[in-house]
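This is what each chain is made of:
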Amino acid sequence: ACFKKKKFAETPSIQFLEFARTGDSAKISLAFQDGEGDIGLRTDEVTAPYDPDSKYHYNLYMVYYEKDDQLGWIPGRDVNGDSIVFRNRILPVYSGKPKGIEGKIIATVEPLFYNPFSNQSDTIKYRIQLIDRALHESQWIDSDVIYP
């Protein structure tokens with residue numbers, strides 16, 4: 001029997017699947033689709049555009065949000081007042097000829113998945129984006145609401 005090749009857009013698409021606590025850390029599971037199969041970066045890829053000073057050094061961003069009782073969803077801030085963003089570098093998930101792929105990514109949020117310095121961290125969520133090797137950026141998605 002012949003299998004038809006799946007066709008997906010060249011820009012990756014992601015969907016939130018699950019948030020799982022592992023003590024004070026957590027794992028976030030995402031489903032993805034990508035038309036070229038170019039998800040992930042090798043650890044030795046550190047020259048432009050993937051150099052350490054570039055936005056593209058990381059390929060999975062998870063921005064931490066808290067639900068303020070008066071203002072609604074606001075970016076969580078660390079003790080210096082900076083937004084809390086978890087940056088991950090996903091390793092390559094496919095290394096063959098360009099083709100449409102889909103799969104699951106599990107990313108770790110550590111050392112803490114919540115902000116212990118905030119009085120608004122009783123209700124949180126993450127906004128998440130995946131970037132492929134060709135620098136195509138997926139849509140931003142929200143995790144489910146999380147109650148630490």
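Note that the structure is a prediction, hence the values are computed from the model and not measured. Numbering of residues starts from 1 in every chain and runs along the sequence as written. Totals for whole chains, interfaces and linings use every residue, but because this is a predicted model, local features are given only for residues with pLDDT of at least 70 and side-chain atom pairs only at 80 or more, for both listing and counting. Working from all heavy atoms in the structure, the side-chain values ignore hydrogens and water.

A. Focus on the nonpolar core. Here, nonpolar core refers to any group of buried Ala, Val, Leu, Ile, Met, Phe, Trp, Tyr and Cys residues whose side-chain atoms link them within 4.5 Å. Partly exposed residues are those whose accessible area sits between 20% and 50% of the maximum for their type, while under 20% is buried and over 50% is exposed, using a 1.4 Å probe and protein chains only. Counting 25 residues, the largest nonpolar core has F19, I28, M62, V109, F113, Y126 and I128 as the members making the most contacts within it. What counts as a helix is a DSSP run of H or I of at least four residues, what counts as a strand is a run of E of at least two, and both are numbered from the N terminus. Breaking this core down by element, the ones donating at least two residues are β1 (13-22), β2 (25-34), β3 (60-68), β6 (101-109) and β7 (124-130). Should any heavy atoms of two residues lie within 4.5 Å, those residues are considered in contact. Residues contacting F19, with those up to four places away along its chain left out, are A26, K27, I28, F113, Y126 and I146.

B. Structural detail: the pattern of salt bridges. We define a salt bridge as a contact between a side-chain nitrogen of Lys or Arg and a carboxyl oxygen of Asp or Glu at a distance within 4 Å. On inspection of all chains with the given rule, the structure shows six salt bridges. Ionic pairing is found between E45 and R42, a salt bridge with its closest N-O pair at 3.8 Å. On the basis of relative accessibility, which here comes to 8%, the residue E45 falls in the buried class. On the basis of relative accessibility, which here comes to 44%, the residue R42 falls in the partly exposed class. Each of the salt bridges in this network shares a partner with another, and the network as a whole consists of R42, D44, E45 and R133.

C. Representation of unusual backbone geometry in the model. Cis peptide bonds are those with omega within 30 degrees of zero, and the linkage from A48 to P49 qualifies with 5 degrees. As for its position among the elements, P49 is in the loop between β2 and β3. A cis amide bond, omega 5 degrees, links E110 with the succeeding residue P111. One can find P111 in the loop between β6 and β7. At L135, a residue that is not glycine, the phi angle is positive and equals roughly 70 degrees.

D. Summary view of the pairing of strand β4 (residues 72-75). Two strands pair if DSSP finds at least two bridges between them. The sheet contact formed by β3 and β4 spans four bridges and is antiparallel. By the bridge assignment for β4, K67 is matched with W73. Between β3 and the antiparallel strand that follows it, β4, lie three residues.

E. Structural context of the environment of Q33. Note on placement: Q33 falls in strand β2. Sequence spacing of Q33 and K6 is 27 residues, and the spatial spacing of their C-alpha atoms is 9.8 Å. Every residue in contact with Q33, bar those within four places of it in the chain, is listed here: F8, T11, P12, S13, I101 and E102. Polar contacts, as counted here, are pairs of nitrogen or oxygen atoms within 3.5 Å of one another; within protein the pair requires one atom able to donate a hydrogen and one able to accept it, and residues that are adjacent in sequence qualify only if both atoms are side-chain atoms. There is a polar contact of 3.4 Å between the side chain of Q33 and the side chain of E102.

F. Layout of the packing of aromatic side chains. Think of it this way: a Phe, Tyr or Trp ring, Trp meaning its six-membered ring, pairs with another when their centres are within 6.5 Å, and the plane angle makes it stacked under 30 degrees, edge-to-face over 60, tilted otherwise. For the coordinates displayed, the defined rule picks out five aromatic pairs. Judged by centre distance (5.1 Å) and plane angle (75 degrees), the ring pair of F113 and Y114 falls under edge-to-face. Ring pairing ties together the aromatic residues F19, Y64, F86, F113, Y114 and Y126, which thus form one cluster.

G. Expanded view of the sheet that holds β6. The strand order across the open sheet built from three strands is β1-β2-β6, with neighbouring strands paired in antiparallel fashion. Single-partner strands in this sheet number two, and they are β1 and β6. On average, each strand axis in the sheet is tilted by 20 degrees relative to the strand beside it, whichever way the strands run. In terms of strand pairing, β2 meets β6 through nine bridges, oriented antiparallel. Bridge pairing in β6 places S29 opposite I106. To get an axis, fit a line to the C-alpha atoms, keeping to the stretch in contact for a helix; angles then go from 0 to 180 degrees between the N-to-C directions.

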